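Residue strings, one per chain:
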Amino acid sequence: MDVVGCNLTRIGRAFDGGYIMAPLRPDEKVAYSLGINRDVSWDLEMARNGCKVYQYDHTIDGLPHNHEGFNYFKKGITTSNQTNRQMTCLRHELVKNGHKNTNNILLKMDIEGDEWGVFADLEINELQKFSQILVEFHDLHKVYKLFWYRTALEGLNKLFKTHQAVHVHGNNNTSLRIIGGYAVPPVLEVTFLRRDLFQFSPCTRTFPNELDQPNNPSFAEHQLGSFQFTKPN
């Protein structure tokens, strides 16, 4: 859907690492950045705009850059029933960081496939805490695997009750796959806005557009068109 009266913007570095989102609201003062690797360009922009940024990545020993607004934890994010010394869950971290009653949190998530279980694990009232969700969905080509499909569907059904998708971009580091007769990127970047904070109208854009940049500048962008689908009869 399009966002009524709101121009989306791109935040973060060029090519891989930039995210499309709505301009920051005055009450958006907390951000969670799940999955860092070597890039904190989005995190820096959030911190420079007055957000406290909580960062999680168990695959690195430290951040490539620091800021007084950063709070880094060498832990990965997974579901609540798979936590261990290396992995924690978002529900626990929200409570630990004093955000149990905080609303309008920004969430950026790139956790290499664990995102499906994380969304399925969260309750509706927990998802409702996030005003914007910027997520990279992985492994869409695994839709034929029943367990993966059920987990992904559960997570998406919960997410769609609270949030509306307003932007999509195919990660061009992977080739398109044919799924149900449609060419679909196995890795898809999606921007979600909370339904009670914004107004929406039918989408008039095609993807990619002027906000997007290829993840890999050596490859052509994935052309998604309107990315709207109808259910078969």
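Residues numbered from 1 in each chain as written. Predicted model: local features only at pLDDT ≥ 70, side-chain atom pairs only at ≥ 80, totals over all residues. Heavy atoms only, no water.

Asker: Could you clarify how one ought to interpret the nonpolar core in this entry?
Answerer: It is characteristic of soluble globular proteins that their nonpolar side chains tend to be buried jointly. By size, the foremost hydrophobic cluster in this structure holds 33 residues, and its most contacted members are Tyr32, Leu34, Leu90 and Ile133. Mapped by element, the contributors of at least two residues to this core are β4 (30-34), β5 (52-56), α2 (90-96), β9 (105-109), α3 (115-121), β10 (130-137), α5 (146-162) and β14 (188-194). Sorting elements by how many residues they give to this core places β10 first, with four residues. When near neighbours in sequence (up to four residues on either side) are disregarded, Leu90 contacts Tyr32, Leu34, Ile77, Thr78, Leu107, Leu122 and Phe130. Core analysis: the second largest hydrophobic core is formed by 17 residues, Met21, Ala31, Trp42 and Leu63 among them. (Core = buried A, V, L, I, M, F, W, Y, C linked by side-chain atoms within 4.5 Å. Buried < 20%, exposed > 50% of the residue type's maximum accessible area, 1.4 Å probe, protein only. Helix = DSSP H or I, 4+ residues; strand = E, 2+ residues; numbered from the N terminus. Contact = heavy atoms within 4.5 Å.)

Asker: Even after reading the chapter, I still don't get the layout of surface pockets, so can you show me in this structure?
Answerer: In this approach a probe as big as a water molecule rolls over the atoms, and the regions it shows empty are the leftover space. Of the voids in this model, the largest pocket is the one considered here, and its volume is about 1,300 Å³. Lining the largest pocket are 36 residues, and of these Leu156, Phe160, Leu188, Phe227 and Phe229 lie nearest its centre. Within the residue set of the lining of the largest pocket, elements represented by two or more residues are α5, β11 (163-170), β13 (182-184) and β14. Among the elements that take part in the lining of the largest pocket, α5 stands out by supplying seven residues, more than any other. Broken down by class, the residue content of the lining of the largest pocket amounts to 26 nonpolar, seven polar and three charged. Around the second largest pocket, the lining is made up of 24 residues, and of these Gly35, Ile36, Asn37, Asp110 and Glu112 lie nearest the centre. (1 Å grid on protein atoms, 1.4 Å probe; cavity = no way out; pocket = protein on both sides within 12 Å on 5 of 7 lines; lining within 4 Å. Points joined across faces, edges and corners; volume = space filled by probe spheres on them. Nonpolar A, V, L, I, M, F, W, Y, C, P; charged D, E, K, R; others polar.)

Asker: Help me out: how do you make sense of empty space enclosed by the protein in this one?
Answerer: Per the stated rule, a full pass over the model turns up two cavities of 30 Å³ or more. Taken as a whole, the largest cavity spans an internal volume of roughly 100 Å³. Around the largest cavity sit 13 residues that line it, and Gly18, Tyr19, Ile20, His169 and Glu189 are the ones nearest its centre. Counting only elements with at least two residues in the lining of the largest cavity, the list comes to β3 (19-21), β10, β11 and β14. Residue contributions to the lining of the largest cavity peak at three residues, all from β14. For the lining of the largest cavity, the class distribution of residues is five nonpolar, five polar and three charged. Size it by volume and the second largest cavity reaches roughly 30 Å³. If you trace the second largest cavity, you find it lined by Asp16, Gly17, Gly18, Tyr19, Glu136, Glu189 and Asn215.

Bear in mind that shape data such as this cannot, by itself, settle questions of function.
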